[in-house]
Amino acid sequence: GVQLERDPSSPLWGARQPARFVLDASLGVAVGASYGGDVVDACNDGCTAAVPLGVRGVLHAAYELGFGLGFGVDAGYLYVATSTHGRTTSLQPVGLPATSGKTDDDLRLSGVTLGAATSFHRGESWPFSLRLGAGVLFGSAADKRTGTFTNSAGDDFRIAERETASATYFYVAPEVRIAKK
């Protein structure tokens with residue numbers, strides 16, 4: 001038979017360390033370019049909208065080959081919130097004419113994330129790692145709305161409403177890490 005010889009200079013077979021299981025956790029700030037859909041899109045004429053901010057914590061478990069390539073799974077939690085203040089809108093009670101007013105919305109997205117990732121880790125004195133994860137968020141989205149409206153008699157009245165819906169989203173999570181040992 002044919003016998004293959006291991007070449008220690010090969011990036012595939014020239015492992016600097018043995019294959020290993022890797023377990024790590026990360027906690028990061030989540031900053032969104034947009035979140036809130038129609039509510040935030042309708043925020044104009046004196047309305048202010050906050051930048052979506054939140055936090056994401058993740059536990060990563062992977063098997064890393066000796067030359068740095070790894071395959072793993074991720075489990076975590078995501079929480080993102082934003083708000084609008086002073087949004088002009090109208091209220092249409094059944095059988096009555098529409099009335100206009102101003103509302104404030106507190107929007108939240110939260111849930112568990114489950115996914116898979118592939119990674120590459122290299123370096124001695126300046127180790128770096130690249131990871132690309134993808135998965136699904138299973139959670140809920142909520143809108144807590146308060147507002148003041150004026151009825152046809154000229155009287156002001158306040159409303160308070162909370163709506164919650166299940167939320168399932170696909171996500172992609174690229175990571176780059178560089179450290180000094």
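Residues numbered from 1 in each chain as written. Predicted model: local features only at pLDDT ≥ 70, side-chain atom pairs only at ≥ 80, totals over all residues. Heavy atoms only, no water.

### Regarding the overall build of the chain
When helices and strands are tallied, the chain shows one helix and seven strands. Start at the N end of the chain and walk to the C end: the helices and strands fall as β-α-β-β-β-β-β-β. Per-residue burial for the chain yields a buried fraction of 30% across its 181 residues. Of the contacts formed within the chain by residues at least 6 apart in sequence, a portion of 68% connects residues at least 24 apart. Summed over all atoms, the accessible surface of the chain reaches about 11700 Å², with 61% contributed by carbon and sulfur. (Helix = DSSP H or I, 4+ residues; strand = E, 2+ residues; numbered from the N terminus. Buried < 20%, exposed > 50% of the residue type's maximum accessible area, 1.4 Å probe, protein only. Contact = heavy atoms within 4.5 Å. Areas by Shrake-Rupley, 256 points an atom, 1.4 Å probe, with all protein chains shown as cover.)

### What to know about the pairing of strand 7 (residues 156-178)
Across 23 bridges, the pairing between strand 6 (residues 128-150) and strand 7 is antiparallel. Paired with Phe-138 across the two strands is Thr-168, which belongs to strand 7. Count of turn residues in the strand 6/strand 7 antiparallel hairpin: five residues, of which Gly-154 carries a positive phi of about 90°. (Pairing = 2+ DSSP bridges.)

### As for empty space enclosed by the protein
This structure, assessed with the given rule, holds two cavities of 30 Å³ or more. Approximately 50 Å³ is the volume found for the largest cavity. Lining the largest cavity are His-60, Ala-61, Ala-62, Gly-70, Phe-71, Gly-72, Val-73, Asp-74, Ala-117, Thr-118, Ser-119 and Arg-131. When residues of the lining of the largest cavity are traced back to their parent elements, those giving at least two are strand 3 (53-64), strand 4 (69-91) and strand 5 (99-122). The biggest single contributor to the lining of the largest cavity is strand 4, with five residues. As for the second largest cavity, its lining consists of Arg-56, His-60, Asp-74, Arg-131, Gly-133, Tyr-171, Ala-173 and Glu-175. Mapped by element, the contributors of at least two residues to the lining of the second largest cavity are strand 3, strand 6 and strand 7. Residues of the lining of the second largest cavity, tallied by class, amount to two nonpolar, two polar and four charged. (1 Å grid on protein atoms, 1.4 Å probe; cavity = no way out; pocket = protein on both sides within 12 Å on 5 of 7 lines; lining within 4 Å. Points joined across faces, edges and corners; volume = space filled by probe spheres on them. Nonpolar A, V, L, I, M, F, W, Y, C, P; charged D, E, K, R; others polar.)

### As for the nonpolar core
Judged by nonpolar contacts, Ala-30, Leu-78, Val-80, Leu-109, Leu-137 and Ala-167 together constitute the single largest core of six residues. With sequence-adjacent residues up to four places away left out, Leu-109 is seen in contact with Tyr-35, Leu-78, Tyr-79, Val-80, Leu-137, Ser-140, Ala-141, Ala-167 and Tyr-169. (Core = buried A, V, L, I, M, F, W, Y, C linked by side-chain atoms within 4.5 Å.)

### With respect to the layout of surface pockets
Size it by volume and the largest pocket reaches roughly 550 Å³. Along the walls of the largest pocket sit 24 residues, with Ala-30, Val-31, Arg-56, Leu-78 and Val-80 positioned nearest its centre. Breaking the lining of the largest pocket down by element, the ones donating at least two residues are strand 1 (20-31), strand 3, strand 4, strand 5 and strand 7. Residues of the lining of the largest pocket, tallied by class, amount to 16 nonpolar, six polar and two charged. Along the walls of the second largest pocket sit 23 residues, with Val-39, Leu-107, Asp-143, Arg-145 and Glu-163 positioned nearest its centre. Of all the elements in the fold, those that place two or more residues in the lining of the second largest pocket are strand 4, strand 5, strand 6 and strand 7. When residues of the lining of the second largest pocket are assigned to their parent elements, the largest contribution, nine residues, is made by strand 7. A breakdown of the residues in the lining of the second largest pocket according to their chemical character gives 11 nonpolar, six polar and six charged.

### Here we look at the packing of aromatic side chains
This model, assessed by the stated rule, comprises two aromatic pairs. Directly above the ring of Tyr-171 sits Arg-56, whose terminal nitrogen or CZ lies 4.9 Å from the centroid. (Phe/Tyr/Trp six-rings, centres within 6.5 Å; stacked < 30°, edge-to-face > 60°. Lys NZ or Arg CZ within 6 Å of the ring centre and 35° of its normal.)

### Some points on the environment of Leu-107
Within the secondary structure layout, Leu-107 lies in strand 5. With relative accessibility at 8%, the residue Leu-107 sits in the buried group. For the pair Leu-107 and Val-40, spaced 67 residues apart in the sequence, the C-alpha separation amounts to 9.6 Å.

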